[in-house]
Amino acid sequence: MGEAERGESAPRQRIVFFCANGHETATVFAVEAAIPEAWDCPRCGLPTSTDVNNPPPPPKIEPYKTHLAYVKERRSEQEAAQILEEALERLRARRANGEIIF
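Model, not experiment: these values are computed from the prediction.

Peer 1: Tell me about the environment of Val 31, residues and numbers included.
Peer 2: Within the element layout of this structure, Val 31 appears in the loop between strand E2 (24-30) and strand E3 (39-40). Residue class for Val 31 comes out partly exposed when judged on its relative accessible area of 43%. When residues no more than four places from it in sequence are discounted, the contact partners of Val 31 are Pro 11, Arg 12 and Gln 13.

Peer 1: How would you explain the UniProt feature "binding site: Zn(2+)" (unreviewed entry) in the protein if you had to name every residue and give the values?
Peer 2: Taking the numbering used here, the UniProt-annotated feature "binding site: Zn(2+)" (unreviewed entry) corresponds to Cys 19, His 23, Cys 41 and Cys 44. The named residues occupy 26 residues along the chain; their greatest pairwise C-alpha distance, 8.7 Å, places them in one compact cluster. For Cys 19, a relative accessible area of 3% gives the class buried. Not counting residues up to four positions away in its chain, the partners in contact with Cys 19 are Cys 41, Cys 44, Leu 46, Pro 47, Thr 48 and Pro 55. Among the structural elements, His 23 can be located in the loop between strand E1 (12-19) and E2. Setting aside residues up to four positions removed in sequence, His 23 forms contacts with Phe 17, Phe 18, Cys 41, Arg 43 and Cys 44.

Peer 1: Let's hear about the domain arrangement of the protein: which residues, and what values?
Peer 2: Here the protein is described as being made up of domain 1 (12-49) and domain 2 (67-97). Between the C-alpha centres of domain 1 and domain 2 the distance comes to 53 Å.

Peer 1: Describe the state of the cysteines, and please don't skip the residues or the numbers.
Peer 2: The final tally for this structure, using the stated rule, is zero disulfides. With no disulfide of its own, Cys 19 lies 3.8 Å from the sulfur of Cys 44, the closest cysteine sulfur. For the unlinked cysteine Cys 41, the closest cysteine sulfur is that of Cys 44, found at 3.7 Å. For Cys 41, a relative accessible area of 3% translates into the label buried.

Peer 1: Which residues make up the pairing of E2, and what values go with them?
Peer 2: Burial along E2 is one-sided: the residues Thr 25, Thr 27 and Phe 29 are buried and none of Glu 24, Ala 26, Val 28 and Ala 30 is. As defined by bridge partners, E1 adjoins E2 across seven bridges and the pair is classed as antiparallel. Each bridged residue has a counterpart across the sheet, and for Arg 12 the counterpart in E2 is Ala 30. The hairpin turn running from E1 into E2, its antiparallel successor, is four residues long, and Gly 22 in that turn takes a positive phi close to 90 degrees.

Peer 1: Help me get a handle on the sheet that holds strand E4 (residues 47-49), residues and values and all.
Peer 2: Judged by pairing direction, the sheet is antiparallel, and its four strands sit side by side in the order E2-E1-E4-E3 without closing on themselves. Looking at which strands have only one partner, the edges of the open sheet turn out to be E2 and E3.

Peer 1: Could you give an account of the packing of aromatic side chains, naming the residues involved and the relevant values?
Peer 2: We describe a pair of aromatic rings using the distance from one ring centre to the other and the angle between the two ring planes. Following the criterion strictly, the structure yields three aromatic pairs and no others. Here Phe 17 and Phe 29 contribute two aromatic rings whose centre-to-centre distance is 6.4 Å and whose plane-to-plane angle is 70 degrees, an arrangement assigned as edge-to-face. One end of the pair, Phe 17, is in strand E1; the other, Phe 29, is in strand E2, and 12 residues separate them in sequence. Overall, Phe 17 belongs to the buried group, its relative accessible area being 0%. When the centroid spacing of 5.5 Å and the interplanar angle of 85 degrees are considered together, the rings of Phe 29 and Trp 39 count as edge-to-face. Here Trp 39 lies in strand E3 and Phe 29 lies in strand E2, a separation of 10 residues in the sequence.

Parameters and conventions
Residues numbered from 1 in each chain as written. Predicted model: local features only at pLDDT ≥ 70, side-chain atom pairs only at ≥ 80, totals over all residues. Heavy atoms only, no water. Helix = DSSP H or I, 4+ residues; strand = E, 2+ residues; numbered from the N terminus. Buried < 20%, exposed > 50% of the residue type's maximum accessible area, 1.4 Å probe, protein only. Contact = heavy atoms within 4.5 Å. UniProt positions renumbered as here; feature names shortened; annotations may be inferred. Domains from an automatic or database assignment. Disulfide = S-S within 2.5 Å. Pairing = 2+ DSSP bridges. Phe/Tyr/Trp six-rings, centres within 6.5 Å; stacked < 30°, edge-to-face > 60°.

Structure below.
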């Protein structure tokens, strides 16, 4: 199946993208197509750009947060102490009523 059966090919342009690790990725786009600002490097997965002297930096990877870390973001130390004291008071009251035996 050649060009006669499919029609003429669209004019193309070759765009080279560069990542922070120095990899070059050449991709072909139609001349009329919008060229993306960023592309993923197929070798290392980092973002790339067309600027060889200023490739985008690697994305900052946030460490895994525990449930306690999220709670500490929402509550101050004073609020945490107050909530703990209220929970202990309820527990002591249940023990005094004989609801909890240890």
